Amino acid sequence: MKKRITILGSTGSIGTQTLEVLENIENKEDFTVVGLCCNSNLEKFIPQIKKFNPKKVHINDFEAYKKLKKEFPKLEISTGVDDLIEFSTNNTDILLTATTGTIALKPTLAAINKNIDIALANKETLVMAGDIVMKNAKEKGVKILPVDSEHSAILQSSGGDFHLIDNILITASGGPFLNKTTKEIEQAKAIDALKHPNWNMGKKITIDSSTLMNKGLEVIEAHHLFNIPYNKIKVVIHPESIIHSAIEMVDGSVIAQIGNPSMHIPIQYALTYPNRKKGIKSNSFSFFDKNLTFSPPDYEKFPCLKIAYEAGLKGGIYPAVLNAANEVAVYKFLDGKINIKGIIDIVEKALNKAIEIKNPTLEDIFEADKIAREFAKNYN
Ligand code: MN
C-alpha cells in the first residue's frame, strides 16, 4: 500500500523541500502525492503539478485559480477556505501542514477527525489550539508528527515514548542579533533581521528567529506535543545549530539528536516514522568542523522569549493572542512601519488587553485571534 500524502503549502520552503525528499527517498514508489495546495504562486505550482501528478489540487487565490483551471482543464481543482477542508481530508494518509498563519488549523482538526495523521510544520496550530488539537488526536489515535527540527530532534531522541522525559533542552541558534546590543537590536531594519546565520526560511519565521519569538512559539509547541510542563522546557543558545535539541530522561541520561543543519531530515522522518529510509544525504557529519558553544538565553535582550513562556503558562487564549499580535507586528516590521521594539510593545499590550477565558472553545480562540490582530493593526 502506498502512503498517500497531501501537502498544504507546497510552494513554500518546507513544501518545496518535502517534494525534494519525496523525489529522492529510497523506494519512492511507496509514496504518492495525492494533493497539492498553495496560496497563489503558479510559477512554482504548475511544474509541481506536472511532476507529481496529484489527484486534486487547491489554490487559495481566486485569480490564480482561474488561470490554473485553463492550464489543467481535466484536473480537480478547488479554491476557497471551505473547500480547503474537503481537500485536506480526502483520501489521504498524511496531511503535511506547511502553510504559514492560521489557515491550517481547521483543516488539521478536520483531518484528525477523519483519522488522518498530521506532519506538522505549522506551529500556529499548536500554539493557538494545542489543548484541543492534542485532545482530539489522542481520542482518535492520530499521530501528530513534528516537522520542526527541534521537535523532530526530541521525537528522534525519545523514540516516541515521552513519559520518561524529565526535561527538554530545546536549542536555538540565537539568530542574527545574538551578539548585538539592545540598542542595536531596537534600531535594526528588516534587512538586518533577515540575515539568518544557519537556516534559510520564510520571512516571517526569520524575523521570529531574530527576536527569539520563534523559540517562544516552539516552547509552547513542545509543551503540547510532548505533554511536558513549561518549567521543564529549557532553552539553550547554541549558535552552530548542530545539536538540534536534547532530552534529559528521568534517570539523568541526556539524549540529543545532532547533525549538519538540514530540514530534509525532519521532513523525511515525519513521513517515514517510526522507520528511517535512505534519502537526500548532506556531507557526512564531522565533530572536527566546528567548536560547539552553548549559553543561556538573555531574556532582557530578547523579551519575546519570556513573554511567550508567560503566555504559554497562562494558557487559554493567551498563546493565540501572542501569536496573532506577533504575526501582524512582524509584517508591520517587514513593511518598515515599526522597529523591533514595536513588535515587543504590540505583543505585550495585546496580551495585557486580552480577557481571560477558561477552557476556550475553538470559536473563543478565533475571536481572541481576531481581536488581537485588530489591536496590532491599529496600534501605533
Ligand atoms: Mn524550529
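Everything quoted here is computed from the prediction, not taken from an experiment.

Further remarks concern the coordination of the manganese ion. For the manganese ion, the full set of protein donor atoms is D148 (OD), E150 (OE) and E218 (OE), at a range of 2.0 to 2.2 Å. Of note, the donors binding the manganese ion are all from one chain and are spaced D-x1-E-x67-E. Of the two residues, E150 is situated in helix α7 (residues 149–158) and E218 in helix α11 (residues 213–226); the sequence distance between them amounts to 68 residues. Exposure class is identical for E150 and E218. Each is buried.

Turning to the pairing of strand β1 (residues 3–8), a few remarks are in order. Across six bridges, the pairing between β1 and strand β2 (residues 31–38) is parallel. Each bridged residue has a counterpart across the sheet, and for T6 the counterpart in β2 is G35. Following the chain from β1 across helix α1 (residues 13–24) to the adjacent parallel β2, one finds a crossover that is right-handed. One ladder, built from four bridges, connects β1 with strand β5 (residues 94–97); its direction is parallel. Within β5, the residue paired with I7 across the bridge is L96.

Domain assignment breaks the chain into domain 1 (3–146), domain 2 (151–261 + 281–299) and domain 3 (315–380). Summarising the inter-unit geometry, the C-alpha centres of domain 1 and domain 2 are found 26 Å apart. Counting residues at the interface gives twelve residues for domain 1 and 14 residues for domain 2. Carbon and sulfur atoms make up 70% of the surface buried where domain 1 meets domain 2, a total of about 1100 Å² over both sides. Area buried by domain 1 at its contact with domain 2 is led by K123, V127 and P146, which between them contribute 53% of it. Across the pair E218 and K123 runs a salt bridge, and its minimum N-O distance is 3.3 Å. Viewed at the interface, domain 2 and domain 1 are joined by two residue pairs in polar contact (both at pLDDT 80 or more). At the level of secondary structure, the elements contributing two or more residues to the side of domain 1 that touches domain 2 comprise α6 (123–140) and β7 (144–146). Among the elements that line the side of domain 1 that touches domain 2, the one with the most residues is α6, at seven residues. Taken together, the residues that form the side of domain 1 that touches domain 2 break down as seven nonpolar, two polar and three charged.

Reading guide: rules and limits
- Residues numbered from 1 in each chain as written.
- Predicted model: local features only at pLDDT ≥ 70, side-chain atom pairs only at ≥ 80, totals over all residues.
- Heavy atoms only, no water.
- Donors = N, O, S within 2.8 Å, 3.2 Å for Na, K, Ca; no water.
- Helix = DSSP H or I, 4+ residues; strand = E, 2+ residues; numbered from the N terminus.
- Buried < 20%, exposed > 50% of the residue type's maximum accessible area, 1.4 Å probe, protein only.
- Pairing = 2+ DSSP bridges.
- Right-handed = clockwise from strand over helix to strand, strands pointing away.
- Domains from an automatic or database assignment.
- Contact = heavy atoms within 4.5 Å.
- Buried area = accessible area lost by both parts, 1.4 Å probe.
- Salt bridge = Lys/Arg side-chain N within 4 Å of Asp/Glu carboxyl O.
- Polar contact = N/O pair within 3.5 Å; in protein donor to acceptor, adjacent residues only side chain to side chain.
- Nonpolar A, V, L, I, M, F, W, Y, C, P; charged D, E, K, R; others polar.

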